[in-house]
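Spelled out, the chains give:
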Amino acid sequence: MTAPLLSVRGLTVDYRVGRGRLRAVDHVDLDLEQGETLAVIGESGSGKSTIASALLRLVPVAGGSVEFDGLDWASLRGAALRRERHRMQFVPQDAGSSLDPRWRVRESVAEPLVVAGKPLRQAREQAGTMLDRVGLEGPLQERFPHQLSGGQRQRVAIARALVSRPRLVICDEAVSALDVSLQAEIVNLLVELRAERDLTYVFITHDIALLPYVADRVGVLYLGQVVESGPARDVLVDPQHPYTQGLLSSLPGAHAAGGADRPVRGEIPDPANPPTGCRFHPRCPVAVDGCPEFEPAAVAVSPAHSAACHLLGPQSETPGRTADPLVPPPSSLLRKARS
Amino acid sequence: MGGDDLVVDHLSVVFRSRTGTHAAVRDASFEVGAGRMVGLVGESGSGKTATGLALLGLHDPATTTVGGRARFGDVDLLGLSPAAADRLRGSAVGMIFQDPMTALNPLLTIGTQVSETIRAHEGLDRRAARDKAIEVLARVGMPDPAGRYRRYPHELSGGLRQRAMIAAAIACRPRLLVADEPTTALDLTIQAQILRLLRTLCDEEGMSVLLITHDLGAVGAVCDDVVTMYAGEVVEIGPTTRVLDQPRHPYTARLMAARPRVDGWGEHLDVIPGRVPSPSASPEGCLFRPRCREARDECVEPQKLVALGTSRSVRCVRAADLHDSGVAAGAGIR
Ligand SMILES: Nc1ncnc2c1ncn2[C@@H]1O[C@H](COP(=O)(O)OP(=O)(O)OP(=O)(O)O)[C@@H](O)[C@H]1O
Ligand SMILES: Nc1ncnc2c1ncn2[C@@H]1O[C@H](COP(=O)(O)OP(=O)(O)OP(=O)(O)O)[C@@H](O)[C@H]1O
Ligand code: SF4
Ligand SMILES: [Mg+2]
Ligand SMILES: [Mg+2]
């Protein structure tokens, strides 16, 4: 047994807002094997990008440990951090603002290589090949970011992340701004490159419809906490947490495909002021008496699949939620699942 | 409540640079009636944003030539002086930009940005404008709008930022709104809420919306008409239900087929092979020909946008037989 490539324990991130403090990520555990893709899903404001920033060491961490590629990642500092940074790369949500507007895009893609000590000519050449690979060819490579369309800029960002051959790539809504055809192309490309270059991905998205094409594992985030995690197929076909069930039922076609039609009501609360007990209780359609009082612990429903909900706890009579009259049977949302 | 029609007539947008010229939009004609929503769809780089920016007079004249005509009510949108275009943008005409960070001022709280727009437009005092701004923030689904009013753009998540920008754009109650990929960073429930809100503003206040999007689902949900663009040209126009249920241009059909499905386990998404041609390497005849499964000999002739019945136009020589054989409809596309 090899150790996982990424192992996160108790990751906690606070932001200062005004005179107060906001806990955007609260004791998150994640494990990711080499070559896998972990999708992180959850509503806007649930803390997805903050997890990315924390892993990338762009925001200070208030607590927890991160082991990555055999390194005690969260405690790397200064020169050591600079030396190892290339191992983890990032494809951001809005590529437009992440590229230097004064540089031709090929230079932007070459930059990480130059920083790592590659001769300029070789770096440019490699950048050109990488840009070809993501579908940005010829004269387009010599343009400035503002001279490209939104989708073209996103391809540049992907090339820039992959060019230095990282071990782990964090994609934050990397394809949500793309048209369907390009989205398909980039997703397929990411999947191919994963095999080709032995990559591992953290794939942050609100677009659940993409998960079947990319994800091996899924972590569902609610108000900074992981409420359910497991193999992608298990989580999507048989979601255990009422929040996951709600998220899935908002998918177009989910209802027709037999999914429970129970979209999440209301809005995600401000993390500066989280609800007591189970943080989901004010919006939960099946909450019971104890929910506003006690925080639920993660319960394993199978060796790799767990969820944090009181209804799954030992006190409820059945291990699953299928026998509970309040909860509809597992959705067969993903009907035609490959066997 | 009456509104105005947007009539776009032979619009062209040409970018000039040291390396040459690039015709991003060619001869595009379409209309957005008062109180109607029209979806503008097409692959990345097909010229959607370039079209939207042209309508708002936002292209840099030093590097860009905009040709043709665009009229909103009795205003000639392309003939305005920069100052007049500026005035129009703050009032009758609004735009939601593709990239929220570039559209919001990082130095001002989102509340200030929305309420300043309201103050400028409706002449309210600071207090009243603040209340109004909070109301608009709530309408776009900003949770805890009074609290978020005091936050700066960088303190918001991507989705909240996008909602703040939408609020700023609709705060001045534009009569024409160009919305460029307005909901890409949003959750499905919020997407639906925003689209419904735009639809309501059309229905109740006669606002006209050009919805630029790659999300054909969104178009299907709210738009009256669809315009498909390919490589800078309009290739299909028609009522949404008919175009999406029975696309007559092979390109529209392929766009429909490339959408992810919830049951696509371990599959590859159905990509349209090849790429949008660069203007310098345009194929002869139909621009879609090298990528088209339906191409025949006659496709090497240049294709014109041809009316098909009263409300549809298609730029494809095979539009009529594709319909008869059902090839262009979803059934034949896998
Ligand atoms: N720099 C910051 N200062 C203060 N609060 C912040 C900051 N960045 C994010 N937040 C807050 O932290 C919470 C989590 O934000 P985050 O960006 O991680 O969400 P997200 O899940 O990525 O959402 P989205 O899908 O909208 O991008 C939100 O409530 C957000 O407003
Ligand atoms: N300022 C510019 N100078 C030169 N070329 C440009 C400029 N802006 C855009 N282009 C080019 O014009 C074409 C159309 O771009 P546009 O931004 O309109 O595409 P789009 O349809 O909005 O695509 P996306 O879905 O990716 O946003 C692209 O090939 C792009 O590279
Ligand atoms: S004109 Fe020919 S090549 Fe072009 S879309 Fe129609 S069938 Fe395909
Ligand atoms: Mg985010
Ligand atoms: Mg665009």
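Residues numbered from 1 in each chain as written. Chains lettered and ligands numbered in written order. Predicted model: local features only at pLDDT ≥ 70, side-chain atom pairs only at ≥ 80, totals over all residues. Heavy atoms only, no water.

## A word on the site of ligand 2
The condition is simple: Any residue with a heavy atom lying within 4 Å of a molecule or strand is counted as near it. What qualifies as a polar contact is a pair of N or O atoms within 3.5 Å, subject to a donor-acceptor requirement within protein and to the restriction that residues adjacent in sequence count only when both atoms come from side chains. To measure how exposed things are, a 1.4 Å probe is used in the Shrake-Rupley method; for residues, cover is taken only from the protein chains shown. Amino acid classes used here: Ala, Val, Leu, Ile, Met, Phe, Trp, Tyr, Cys and Pro are nonpolar; Asp, Glu, Lys and Arg are charged; the rest, including Gly, are polar.
Taken together, 20 residues surround ligand 2, and among them A:Gly151, A:Gln152, B:Ser44, B:Thr49 and B:Ala50 come closest. Residues near ligand 2 are shared among chains A and B, making this a multi-chain site. At 2.9 Å from an oxygen atom of ligand 2 is found a side-chain nitrogen or oxygen belonging to A:Arg143. The fraction of the free accessible surface of ligand 2 (640 Å²) that becomes covered by protein chains is 91%. The residue makeup of the shell around ligand 2, split by class, is 4 nonpolar, 13 polar and 3 charged.

## Focus: the environment of B:Val235
Residue and element names in this part refer to chain B. Our working rule: Helix numbers and strand numbers start at the N terminus; a helix is a DSSP run of H or I with at least 4 residues, a strand a run of E with at least 2. Think of it in three bands: residues with accessible area under 20% of the maximum for their type are buried, residues over 50% are exposed, and the middle band is partly exposed, with areas taken using a 1.4 Å probe on protein chains only. Working rule for contacts: check all heavy atoms of both residues, and any pair within 4.5 Å makes them a contact.
Within the fold, Val235 resides in strand S10 (residues 233–239). Accessibility expressed as a relative area gives 3% for Val235, which makes it buried. Sequence separation between Val235 and Pro250 is 15 residues, and the spatial gap between their C-alpha atoms is 9.6 Å. Every residue in contact with Val235, bar those within four places of it in the chain, is listed here: Thr228, Met229, Tyr230, His249, Tyr251, Leu305, Ser313, Val314 and Arg315.

## What about the environment of A:Gly277?
Residues and elements named next belong to chain A. As for its position among the elements, Gly277 is in the loop between helix H10 (242–249) and strand S11 (299–302). Along the chain, Gly277 and Pro292 lie 15 residues apart, while their C-alpha atoms are 4.5 Å from each other. For Gly277, the residues in contact, after removing those within four places along its chain, are Cys291, Pro292, Glu293, Phe294 and Glu295.

## A short note on the site of ligand 1
Close contacts around ligand 1 come from 22 residues, with A:Ser44, A:Ser49, A:Thr50, B:Ser157 and B:Gly159 the closest. Ligand 1 sits at a junction of chains, with neighbouring residues supplied by chains A and B. One nitrogen or oxygen atom from the side chain of A:Ser44 is found 2.5 Å from an oxygen atom belonging to ligand 1. In isolation ligand 1 exposes 640 Å². Once the protein is present, 93% of that is buried. Elements with a contribution of two residues or more to the shell around ligand 1: strand S1 (6–17), strand S2 (20–32) and helix H1 (48–55) of chain A together with helix H7 (158–171) of chain B. Its residues placed into classes, the shell around ligand 1 shows 7 nonpolar, 11 polar and 4 charged.

## Brief notes about the nonpolar core
What tends to happen in soluble globular proteins is that the nonpolar side chains get buried as a cluster. What counts is decided by this rule: Put simply, a nonpolar core is a bunch of buried Ala, Val, Leu, Ile, Met, Phe, Trp, Tyr and Cys residues held in one set by side-chain atoms that sit within 4.5 Å of each other. Where each domain starts and ends follows an automatic or database-derived domain assignment.
Within the largest apolar cluster, 65 residues are counted, with the highest numbers of intra-cluster contacts made by A:Val91, A:Val156, A:Cys171, A:Leu211, A:Val218, A:Val220 and A:Tyr243. The residue makeup of this core includes at least three contributed by each of domain 1 (6–215) and domain 2 (239–338) of chain A. Those residues in contact with A:Val218 that sit more than four places away from it in its chain are A:Leu38, A:Ala39, A:Ile41, A:Leu211, A:Glu228, A:Ser229, A:Gly230, A:Ala232 and A:Val235. In this structure, B:Ala129, B:Leu211, B:Val222 and B:Met256 belong to the second largest nonpolar core, which totals 59 residues.

## Some thoughts on unusual backbone geometry
Phi at A:Glu173 takes a positive value of approximately 50°, unusual for a residue other than glycine. Positionally, A:Glu173 belongs in the loop between strand S7 (168–172) and helix H7 (180–197). Under the relative-accessibility criterion, A:Glu173 is labelled buried at 5%. Residue B:Ala231 is not a glycine yet carries a positive backbone phi of 50°. Along the polypeptide, B:Ala231 turns up in the loop between strand S9 (225–230) and S10.

## Focus: the domain arrangement of chain A
Many descriptions give the size of an interface as the accessible area lost when the pieces come together. Residues and elements named next belong to chain A. Stated precisely, the cut-off is as follows: Buried area: the accessible surface (1.4 Å probe) lost by two parts on joining, summed over both. Throughout this description, the term salt bridge denotes a Lys or Arg side-chain nitrogen within 4 Å of a carboxyl oxygen of Asp or Glu.
Assigned domains within chain A: domain 1 (6–215) and domain 2 (239–338). Contacts between the two partners involve 13 residues from domain 1, matched on the other side by 11 residues from domain 2. Buried area between domain 1 and domain 2, summed over both chains or domains, comes out near 920 Å², and the portion from carbon and sulfur atoms is 63%. Considering only the side of domain 1, the residues that lose the most area to domain 2 are Leu22, Glu43 and Ile208, jointly responsible for 50% of the buried surface there. Counting the contacts that link domain 1 with domain 2 gives 2 salt bridges. One salt bridge in this structure joins Asp26 and Arg279, with 2.8 Å as the shortest N-O distance. On the surface where domain 1 and domain 2 come into contact, there are 3 residue pairs in polar contact (both at pLDDT 80 or more). The greatest single-element share of the side of domain 1 that touches domain 2, amounting to 4 residues, is contributed by S2. Considered class by class, the residues forming the side of domain 1 that touches domain 2 number 5 nonpolar, 4 polar and 4 charged.

## With respect to the packing of aromatic side chains
Formally: Planes of paired rings set the category: under 30 degrees apart is stacked, over 60 is edge-to-face and the rest tilted, where pairs are Phe, Tyr or Trp rings (Trp by its six-membered ring) whose centres lie within 6.5 Å. Remark: a charge is flagged as sitting over a ring if the NZ atom of Lys or the CZ atom of Arg is within 6 Å of the ring centre and within 35 degrees of the ring normal.
This model, assessed by the stated rule, comprises 7 aromatic pairs over all chains. With 5.1 Å between their ring centres and 80° between their planes, B:Tyr230 and B:Phe288 make a pair best called edge-to-face. On the criterion of sequence distance, the pair formed by B:Tyr230 in strand S9 and B:Phe288 in the loop between helix H11 (250–257) and strand S11 (306–308) is long-range, its members being 58 residues apart. With respect to class, B:Tyr230 is no different from B:Phe288; both count as buried. Cluster of aromatic residues (ring-pair linked, three or more members): A:Tyr222, A:Tyr243 and A:Phe280. For B:Arg130, the ring lying beneath its charged end belongs to B:Tyr149, and the centroid distance is 4.8 Å.

## Comments concerning the interface of chain A and chain B
Facing 52 residues of chain A, the contacting portion of chain B comprises 49 residues. Roughly 4300 Å² is buried in total at the junction of chain A and chain B, and carbon and sulfur atoms are behind 54% of that figure. By the criterion of area lost to chain B, the three top residues of chain A are A:Val180, A:His206 and A:Tyr213, representing 16% of everything that side buries. Scanning the region where chain A abuts chain B turns up 2 salt bridges. B:Arg151 is the partner of A:Asp270 in a salt bridge, and the nearest nitrogen-oxygen pair spans 3.3 Å. There are 9 residue pairs in polar contact (both at pLDDT 80 or more) connecting chain A and chain B. Sorting the residues of the side of chain A that touches chain B by element identifies helix H3 (95–98), helix H6 (150–162), H7, helix H8 (211–214) and helix H9 (232–237) of chain A as the ones contributing at least two each. Examining the composition of the side of chain A that touches chain B, we find that 9 residues originate from one element, H7(A), more than from any other.

## Observations concerning the side chain of B:Gln191
Mapped onto the elements of the fold, B:Gln191 is located in helix H8 (residues 188–205). Among the residues examined, B:Gln191 registers a relative accessible area of 9% and is labelled buried. Look past the residues within four positions of B:Gln191 in its chain and what remains in contact with it is A:His206, B:Thr183, B:Leu186 and B:Asp215.

## Regarding the packing of H6(A) against H7(A)
All names here are of chain A. Rules: To get an axis, fit a line to the C-alpha atoms, keeping to the stretch in contact for a helix; angles then go from 0 to 180 degrees between the N-to-C directions. Here is the rule for angles: anything less than 35 degrees is roughly parallel, anything more than 145 is roughly antiparallel, 65 through 115 is roughly perpendicular, and the remaining ranges are oblique.
Where H6 contacts H7, the two axes come as close as 12 Å, and the packing angle between them is 10°. When the interaxial angle is binned, H6 and H7 end up roughly parallel. Contacts between H6 and H7 involve Gly151, Arg155, Ile158 and Leu162 on the former and, on the latter, Leu182, Ile186, Leu190, Leu193 and Arg197. For the contact of H6 with H7, the class distribution of residues is 6 nonpolar, 1 polar and 2 charged.

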